[in-house]
Amino acid sequence: MTTLFIILEVAGMALAKIGAAIGSSIIVLGASYGISKIGATALESMARQPESAGDIRSSMVISAALIEGVSFFAIIICALVILL
Amino acid sequence: MKYVKLIVCMMMLSFMGMPAMAASEEGGKLNTSEIVVEHIKDSYAWHVTTVGDKAIVIDLPVIVRSSTGWHIFSTARFAEESDVKGYRMGPDNLAIATQGDNAGKIVELQNGVEVRPFDISITKTVAVMMINVVVLLCCILIPARWYRRHKASDPAPGGFTGFIELIIDYVEENIIKPGIGNGYEKYSPYLLTCFFFILTNNLMGIIPFPPGGGNVTGNITITFFLALCTFIVTQVSGTKHYWKDIFWPEVPLPLKVFPLIPLIEFVSIFTKPFALMIRLFANMLAGHMIAMVLFGLIFIFGAVNIYFGFTISIVSILLAVFMSILELLVAFIQAFVFTMLSALFLGMAVTEHN
C-alpha cells in the first residue's frame with residue numbers, strides 16, 4: 001500500500017501534465033462544438049434572408065469571440081498547471 | 001515591365017532558403033521554448049536580432065530607487081554574463097538575478113540578501129507602448145486638424161482623414177450607439193480611445209522588426225489596467241436604478257431573503273471586467289506564441305539536418321503567412337469585442353428605465 005503511495009507521489013508531476021494536456025483537448029472539443037453550432041445556424045439564416053446577412057455576420061463573429069474568451073480562461077489554467 | 005511580377009516571385013522564392021542557411025550556423029541543441037518565451041516576456045533590454053555572434057540590443061534606461069537613493073543608468077552597465085552566485089552585477093550594489101524568486105528582475109544586494117527596490121525602469125513593453133502611443137496620437141490628432149479648419153457644411157474629407165473618419169464612424173454606429181443608447185456622447189471618447197489603443201497595439205505587435213514587434217497587449221498587467229478603467233467608468237456612472245437592480249432585484253421574495261441573487265449580481269460586477277482582461281490577454285499571447293513557434297520550426301528542423309531545414313522552411317513560411325493573416329483578423333476582432341462589451345456594461349449601468 002505504501003509503495004503505491006510512494007509511486008503516486010513521484011508520478012504526481014507527470015500526472016499533472018497528463019491532466020493538463022487532456023484538459024486542453026476537452027476545451028478544444030467544447031469550444032469548436034459551440035462555435036460550429038453558431039456558424040451552422042448563421043449560414044442557414046443568411047440563406048433564408050439574404051438582406052440581413054451583414055447583421056447576422058457581425059453577430060456570429062461576436063458570439064464566436066465570446067465563446068473563445070471562455071475557452072481561453074480554461075487554456076490559461078492548463079498552461080498554469082504545466083508551468084507551475 | 002511585364003516581367004516585374006515574375007522577377008519578384010522568383011526573388012521571394014529564392015529568399016525562402018535563407019532562414020535555413022542561418023539556422024545551419026547555429027549547430028548544437030536548440031532550446032525553442034526558451035526562445036519563444038524570451039520574445040514574449042518583458043525584459044530590460046530590447047534584443048533585436050543576433051547577427052552571427054554579435055547580438056544587436058537596444059539598451060533601455062533603468063530607473064530604480066534603492067536604499068541609496070535614485071539611480072538612472074543604461075542597461076549596458078550590467079555585466080553580460082552572470083557571476084558565480086547567479087547575478088549579473090551592475091553599479092551601486094544592483095544586479096539582475098538569473099535564478100530564484102526574482103529571476104530576470106533587478107535586485108539590490110544588501111549583504112548578500114536580495115531586496116527588490118522601487119523599480120520604474122523603461123522596460124521593453126513600456127518602450128514599445130510609448131512608441132505605439134506616439135503612432136496612435138499621430139493617426140488621430142493629425143486628421144483632427146482637418147475638422148478644426150473646415151465647417152460642417154464642407155464636403156467630406158478624403159485620403160487619410162477620410163479613412164480614420166470611416167473607422168471612427170463604424171465604431172460609433174455599430175458599437176457605441178447600440179450599446180449605450182441615449183446619452184452616448186459622454187462615453188464616446190473613452191470607448192473610442194479603448195478601441196484605437198487596443199487596435200494599434202495589436203497591429204504593431206504583428207510586425208516582426210522594430211519599431212513594432214513588442215508584445216504589449218499580450219501582457220496581463222496592461223490588459224488588467226484596461227479592464228480596471230472600464231470597471232471604474234462603469235461603477236462611477238452607475239445610476240441609482242443600476243445599484244437597486246443589483247442589491248434588491250425584482251425577483252420572488254425567497255431568493256432575496258437568503259441573499260442568493262444579490263450575491264451573484266455583486267460577484268458579476270467583478271467577473272465581467274475580469275473576463276475582458278483574460279480574453280484580450282490570452283488571444284494576443286496565443287497569437288504571438290504560435291507565430292514564434294512556426295518560425296522556430298525552421299530552426300528546429302535545420303538543427304537536425306540542413307536539407308530538412310530548406311524543405312521545412314517553405315511550409316513554415318506559408319503557415320506563418322496564414323497565421324499572420326489570422327492574427328490581423330484577431331487583432332481587429334479583439335479590439336471590437338473589448339469595446340463592444342465595455343459599451344454594453346456602460347449601457348446597462350446608465351439606462352434610466354427598464
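From a predicted model like this one, the values you see are computed outputs, not experimental measurements. (Residues numbered from 1 in each chain as written. Chains lettered and ligands numbered in written order. Predicted model: local features only at pLDDT ≥ 70, side-chain atom pairs only at ≥ 80, totals over all residues.)

### Considering the overall build of chain B
Here is step 1 of the chain: Secondary structure summary: chain B contains eleven helices and nine strands in total.
Here is step 2 of the chain: With the C-alpha coordinates of chain B rotated into their principal frame, the extents come out at 75 × 70 × 50 Å.
Here is step 3 of the chain: A sequence separation of at least 24 residues applies to 63% of the contacts in chain B between residues at least 6 apart. (Helix = DSSP H or I, 4+ residues; strand = E, 2+ residues; numbered from the N terminus. Contact = placed C-beta atoms within 7 Å.)

### Observations concerning the domain arrangement of chain B
Here is step 1 of the chain: Per the domain assignment, the segments making up chain B are domain 1 (61-121) and domain 2 (124-350).
Here is step 2 of the chain: Each of domain 1 of chain B and domain 2 of chain B has a C-alpha centre, and these two points are 34 Å apart. (Domains from an automatic or database assignment.)

### Quick word on the sheet that holds strand β6 (residues 94-97) of chain B
All names here are of chain B.
Here is step 1 of the chain: Here we have four strands laid out as an open sheet, ordered β5-β6-β7-β8, and antiparallel in their pairing. This sheet does not close on itself; its edge strands, each paired only once, are β5 (87-89) and β8 (113-115). Taken pair by pair, the neighbouring strands of this sheet meet at an average axis angle of 45 degrees, ignoring direction.
Here is step 2 of the chain: Bridging between β6 and strand β7 (residues 106-110) involves three bridges; their strand directions are antiparallel. Paired with Ala95 across the bridge in β7 is Val107. (Pairing = 2+ DSSP bridges. Axes fitted to C-alpha atoms, helices over the stretch in contact; angles between N-to-C directions.)

### Describing the interface of chain B and chain A
Here is step 1 of the chain: Facing eight residues of chain B, the contacting portion of chain A comprises eight residues.
Here is step 2 of the chain: Mapped by element, the contributors of at least two residues to the side of chain B that touches chain A are α10 (260-304) and α11 (306-350) of chain B.
Here is step 3 of the chain: For the side of chain B that touches chain A, the class distribution of residues is six nonpolar, one polar and one charged. (Nonpolar A, V, L, I, M, F, W, Y, C, P; charged D, E, K, R; others polar.)

### Side note on the packing of helix α7 (residues 220-236) of chain B against α11 of chain B
Residues and elements named next belong to chain B.
Here is step 1 of the chain: Put simply, α7 and α11 touch, their axes get as near as 9 Å, and they point 15 degrees apart. The angle between the axes of α7 and α11 places the two elements in the roughly parallel class. In this structure, α7 crosses over α11, and the sense of that crossing is right-handed. For the pair α7 and α11, contact is made by Thr230, Val233 and Thr234 and by Ser342, Phe345, Leu346 and Ala349, respectively.
Here is step 2 of the chain: Residues that form the contact of α7 with α11 fall into these classes: four nonpolar, three polar and no charged. (Parallel < 35°, antiparallel > 145°, perpendicular 65-115°, else oblique. Left-handed = near helix turned anticlockwise from the far one by under 90°.)

### Observations regarding the environment of Ala20 of chain A
Residues and elements named next belong to chain A.
Here is step 1 of the chain: Along the chain, Ala20 turns up in helix α1 (residues 2-48).
Here is step 2 of the chain: Overall, the presence of 17 C-beta atoms within 10 Å leaves Ala20 in the partly exposed class.
Here is step 3 of the chain: Spatially, the C-alpha atom of Ala20 lies 9.9 Å from that of Ala74, the residues being 54 residues apart in sequence.
Here is step 4 of the chain: Discounting chain neighbours no more than four positions away, the residues touching Ala20 are Cys78, Val81 and Ile82. (Buried ≥ 20, exposed ≤ 12 C-beta atoms within 10 Å, placed from the backbone.)

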